[in-house]
Amino acid sequence: MNQELVRIIENIARDKNIDLESLFQDLETAMASGVRKYYGVQDAEYTIHIDRTSGEITAYMDDEPLDISVMGRIAAQTVKQVMIQRIKADERGSIFAEFVQRKGDIITGTVLRKERRKKIVVGLGNRVEAELPKDEQIAGENFRPGETVRALVTEVKEGTSQVRIVLSRTHPDFVRRLFELEVPEIADGIVEVRSLSREAGYRTKIAVESVDDRIDPIGACVGVRGSRIKSIVDELSGEKIDIVPWSESSQAFIINAVKPAVASEITLCFELGKAVVVVPEDQLSLAIGKHGQNVRLAARLTDWDIEILTPDEYNESVDTLNNALEHLLEGEPRLVDELIALGIISLDDLDEVGAEPLVEELNFEPELAEKVIEAAREKLKEEFPEQAEGGAKAAEEQDAQQEDEQQEDEQPEQQSDLQEDREE
């Protein structure tokens, strides 16, 4: 019987992936609870030991040996209840320890059922369940019970009754991990994914770089006859993927990011983190993309605020800037060119940048810099009076809000002072 007890504990430990020693200790604790229940002496110290090899059980109450074979059904029921609770707790701990290490990895499971709000419950083996919420599913996908699904582990939380494992197929890292699985050069570190932006179900832009000049990073990701990229696109239910070369040059990187449109000119304003990309008229819709998707993804990929203009729009903006400042910079036309070189091509840019960069970067005299900014703001008021009026109103509302917040902060201090005066 004792040897059979050892085998049972070993089987439970193996099936539920629980540490064997922990399970022995749980059983000893549960049996101590049963002995306490049987003898009813609450103040006594009960000690149970199970030999890990032979399974022999020894029991003591305050160093006095006990015969546990005489215990009845009630004590056995107590042992059973405590043991069930302990095993469940150990099982939760084991599942949590396993999956918290797999957070950020792709995992494969089987669709078990659909629940409220179109949440999918996914089986991960060993009676472990995860959830794939509706907002983490790619639009248009429809998984049926029994189908295999791959997803990214994004959240692992240990609850009171079970471990909550949340999966995602819309997270940008899902695409990143798919590339690591499908492209050996990425898994080996020869090709690096430097940046990635995604609108799940529609389009992804990914910037890659090779640490080996002999390896073409884009070719490695695409594969022979597109085999690698096709596997990833199929997994993402047809989502479009643009693979672009990463560059240390912000200018070159942004030009790559707005592809498939071809940029003819680009201006960077580091003060505003803004890039103005000029494209031919026939490339405008391609650069912007459907519902602005291409330029939006390019902006996230490069971490720049990207504005797309045609040559006519660019020239019109520069002419407006030049006309507004002409009377101030008369005799110094180069200063307008310096503003453009700084990435300031519009009155809005000039207003947002302020005077300080003009003094520090372009060596404007402080007085002249202030006049330039004021001239830009006056011109904006002339051209967009409603916008200027709205901006002034918003500023007044913000000031009023700040005053209210300040008064609210002062009230507790005043009440505290009054309280201190009363106590004195």
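See the structure shown above.
The paragraphs below set out a description of the structure included in this document. Note that the structure is a prediction, hence the values are computed from the model and not measured. (Residues numbered from 1 in each chain as written. Predicted model: local features only at pLDDT ≥ 70, side-chain atom pairs only at ≥ 80, totals over all residues. Heavy atoms only, no water.)

Focus on the packing of aromatic side chains
Overall, the coordinates contain three aromatic pairs when judged by the stated rule. Between Tyr-38 and Tyr-39, the aromatic rings sit 4.9 Å apart at their centres with planes inclined by 90 degrees, giving edge-to-face as the arrangement. Exposure remark for Tyr-38: the relative accessible area of 39% places this residue in the partly exposed category. Taking NZ or CZ as reference, Arg-194 lies 3.9 Å from the ring centre of Trp-246, over its face. (Phe/Tyr/Trp six-rings, centres within 6.5 Å; stacked < 30°, edge-to-face > 60°. Buried < 20%, exposed > 50% of the residue type's maximum accessible area, 1.4 Å probe, protein only. Lys NZ or Arg CZ within 6 Å of the ring centre and 35° of its normal.)

Details of the side chain of Thr-78
Here Thr-78 is to be found in helix 3 (residues 73-100). A residue is classified by how much of its surface remains accessible, and Thr-78, at 16% relative accessible area, is buried. (Helix = DSSP H or I, 4+ residues; strand = E, 2+ residues; numbered from the N terminus.)

A closer look at the sheet that holds strand 3 (residues 64-66)
Think of a sheet as strands paired side by side through backbone hydrogen bonds, with each pair either parallel or antiparallel. In space, the three strands of this open sheet follow the order 1-2-3, with antiparallel pairing throughout. A single partner strand is all that each edge strand has here, and the edge strands are strand 1 (46-50) and strand 3. In this sheet, neighbouring strand axes are inclined to one another by 30 degrees on average, regardless of whether the strands run parallel or antiparallel. One ladder, built from three bridges, connects strand 2 (residues 57-61) with strand 3; its direction is antiparallel. Directly across from Ala-59, in strand 3, lies its bridge partner Leu-66. Against the sheet, helix 2 (residues 20-39) makes contact with strand 1, strand 2 and strand 3, and its axis sits at roughly 140 degrees relative to strand 1, the strand it touches most. (Pairing = 2+ DSSP bridges. Axes fitted to C-alpha atoms, helices over the stretch in contact; angles between N-to-C directions. Contact = heavy atoms within 4.5 Å.)

Section: the packing of helix 1 (residues 2-15) against helix 2
Contact pair helix 1 / helix 2: the axes reach a minimum separation of 9 Å and the direction vectors enclose 125 degrees. When the interaxial angle is binned, helix 1 and helix 2 end up oblique. Between helix 1 and helix 2 lies a crossing of right-handed hand. Here helix 1 contributes Leu-5, Val-6, Ile-9, Glu-10, Ile-12 and Ala-13 to the contact with helix 2, which in turn contributes Leu-20, Leu-23, Phe-24 and Leu-27. Partitioned by chemical class, the residues of the contact of helix 1 with helix 2 number nine nonpolar, no polar and one charged. (Parallel < 35°, antiparallel > 145°, perpendicular 65-115°, else oblique. Left-handed = near helix turned anticlockwise from the far one by under 90°. Nonpolar A, V, L, I, M, F, W, Y, C, P; charged D, E, K, R; others polar.)

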